[in-house]
Amino acid sequence: MGIKADRRLRVFSGIQFSGTLHIGNYLGAIRQWVAVQVECENYFCIVDMHAITIPQDPVLLRRKTRELAALYLACGLDPLQSTIFVQSHVRAHAECCWILNCVTPVGWLERMTQYKAKSQAQESVLAGLLDYPVLQAADILLYDSDQVPVGEDQKQHVELARDIAQRFNRIYGETFVVPEPVLPKSGARIRALNDPEHKMAKSQAHIAGHAVCLVDEPDAIRRTVRRAVTDTGREIAFGDAPEKAGVNNLLEIYELFTGQERAAIEAHFAGQGYAALKRDVAEAIIEGLRPIRERYARLIEDHAELDRLLALGAARARAVAEPKVEEVKHKVGFLSGDEG
Ligand code: AMP
Ligand code: TRP
C-alpha cells in the first residue's frame, strides 16, 4: 500500500469479554502481544460497543470492562508501550462505522458465519448484530492497522474489513491501509485439562476441571491440575501420540511457564509418577501466574487508577482516530464543521 509511511508496524486487536481468560489465552495470545509491544505500535481495544449487540446488564458491563482492562495490564501490557482503551471512549469508531455502513452491501454481512450462528440463538435479531463486523472494520481501519492478531474465528471479519477498505479506497481514493489477519502460531494450543482432545475454551472455563483461569487461587489451581485427565501408562515424555495428549499438554504448560529445555524437563520427571508431574505443573502455573494475580488484585481495587489509565489510552487513541475520521468525512464530501 502506497499510503503506508515509513513507520513502526501497527497492530490492532480487540477483545470480546465473554467468559474468563484462562492460561490458554495467556500462553497462546497475550504473552505474544506483551513480547512484541516494544517493536510494534499496538492498540488493544475493549469492545464495549460490540458487547451490547447482545443484551447486557449495565452494572455488569461496567464491571466487566474494568476487569478486562485490569487483566490486560496485569498480564504485562504496558500502558506506555501499548494503547489500551475502551471503544466507546473514542467517538470516531461510531462515526466511521456509519460511513462504512454506506459502502457495505447488506449481503456481505448476512454471509458472516458469526452472524448466522449468533442470530439463530436470538428470538429477535438486533440491527447492531448484523452491523457488528462493520464496527469491527471501523476499529481496525481508523488506526491504519497493518496487522490484526486474532483467533481463527475472527479471520472472516478481518477479511471483510479488507473488502470494505478496498471498496472505500476505490470509490473515494486511497484512504485506508488494507490490514492483514495474523493467526496465532500453532504450537501454543493448550488443551482442556478435563478433555485433552479439545482446546481449553473461554466458553467452558466455568466448568470445574476444564481450565486454569488467570486469577484462580493457588488451591483452586492445585485442585484443577490434580484432576487433569492423563492415561493409564507411566511414561512422562513429550510426544504427539493421541493417548498421551493429556501428559504432553501438562509438559507443555510446564515448559511454557518455566522456560526450561525439554530434555531437562524429561530428566527432571524421569522415574516419577503422574502425581508428581501434576504437583510440579500446578506449582509452575502458580508461580507463573503469581505476578499476574497480585497485580490484578491491586488494579481491580483501584478504580480511580484504572480509569486514569483508560483515559490515558483513550486520549492516545483519539489522537490517531480523530484526524483519520476527519479525513474520511472530507473524502465523502462532508463540510468541515470548523471555523475558517
Ligand atoms: P478466544 O478465547 O477463543 O476468544 O481467543 C482469544 C485468544 O486466545 C486468541 O488469540 C486465541 O487464539 C487464543 N487462545 C484461545 N484458546 C486457546 C488455547 N486453548 N490455547 C492457545 N491459545 C488460545
Ligand atoms: N470481534 C472480536 C472478537 O469477537 C473482537 C473485536 C472487535 C476485534 N473489534 C476488533 C478484534 C478489531 C480484532 C480487531 O473477539
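Structure: above.
Position labels on residues start from 1 in each chain and follow its written sequence. Labels are handed out in written order, letters beginning with A for the chains and numbers beginning with 1 for the ligands. Only residues with pLDDT of at least 70 get local features here, since the model is predicted, and only at 80 or more are side-chain atom pairs given and counted; chain-wide, interface and lining totals rely on the full set of residues. Note: side-chain values were computed over all heavy atoms of the structure, leaving out hydrogens and water.

(A) Up close: the pattern of salt bridges. Throughout this description, the term salt bridge denotes a Lys or Arg side-chain nitrogen within 4 Å of a carboxyl oxygen of Asp or Glu. Scanning the model with the defined rule gives 18 salt bridges in all. Linking Glu255 and Arg262 is a salt bridge whose minimum nitrogen-to-oxygen distance equals 3.1 Å. Linking Lys329 and Glu326 is a salt bridge whose minimum nitrogen-to-oxygen distance equals 3.6 Å. With Lys329 and Glu326 both in helix H13 (residues 303-332) and three residues apart, the pair spans about one turn of that helix. Relative accessible area serves as the criterion here: at 41%, Glu326 is assigned to the partly exposed category. Through salt bridges with shared partners, a single ionic network connects Asp144, Lys324, Glu327 and Lys331. Counting from the N terminus, the helices are DSSP H or I runs at least four residues long and the strands are E runs at least two residues long. For every residue, the accessible area (1.4 Å probe, protein chains only) is compared with the maximum for its type, and the residue is labelled buried under 20%, exposed over 50%, or partly exposed between those bounds.

(B) Layout of the site of ligand 2. Any residue with a non-hydrogen atom lying within 4 Å of a molecule or strand is treated as near it. As a structural note, the neighbourhood of ligand 2 is formed by 13 residues, with Gly14, Tyr132, Gln136, Asp139 and Gln154 the closest of them. Within 3.5 Å is the distance limit for a polar contact, defined as a pair of N or O atoms, with the added protein rule that one can donate a hydrogen and the other accept it, and that residues adjacent in sequence qualify only through two side-chain atoms. Contacts to ligand 2 include Tyr132, whose side-chain N or O atom sits 2.8 Å from a nitrogen atom. One of the side-chain nitrogen or oxygen atoms of Asp139 is found 2.7 Å away from a nitrogen atom of ligand 2. Relative to its free-state accessible area of 360 Å², ligand 2 is covered by the protein chains to the extent of 92%. Elements with a minimum of two residues in the shell around ligand 2: strand E1 (10-15) and helix H7 (127-141). In terms of residue count, the dominant contributor to the shell around ligand 2 is H7 (four residues). Residues belonging to the shell around ligand 2 are distributed by class as follows: six nonpolar, six polar and one charged. Computed by Shrake-Rupley with a 1.4 Å probe, the accessible areas treat only the displayed protein chains as cover when residues are assessed. Under the convention adopted here, Pro, Cys and the residues Ala, Val, Leu, Ile, Met, Phe, Trp and Tyr are nonpolar, Asp, Glu, Lys and Arg are charged, and Gly plus all remaining residues are polar.

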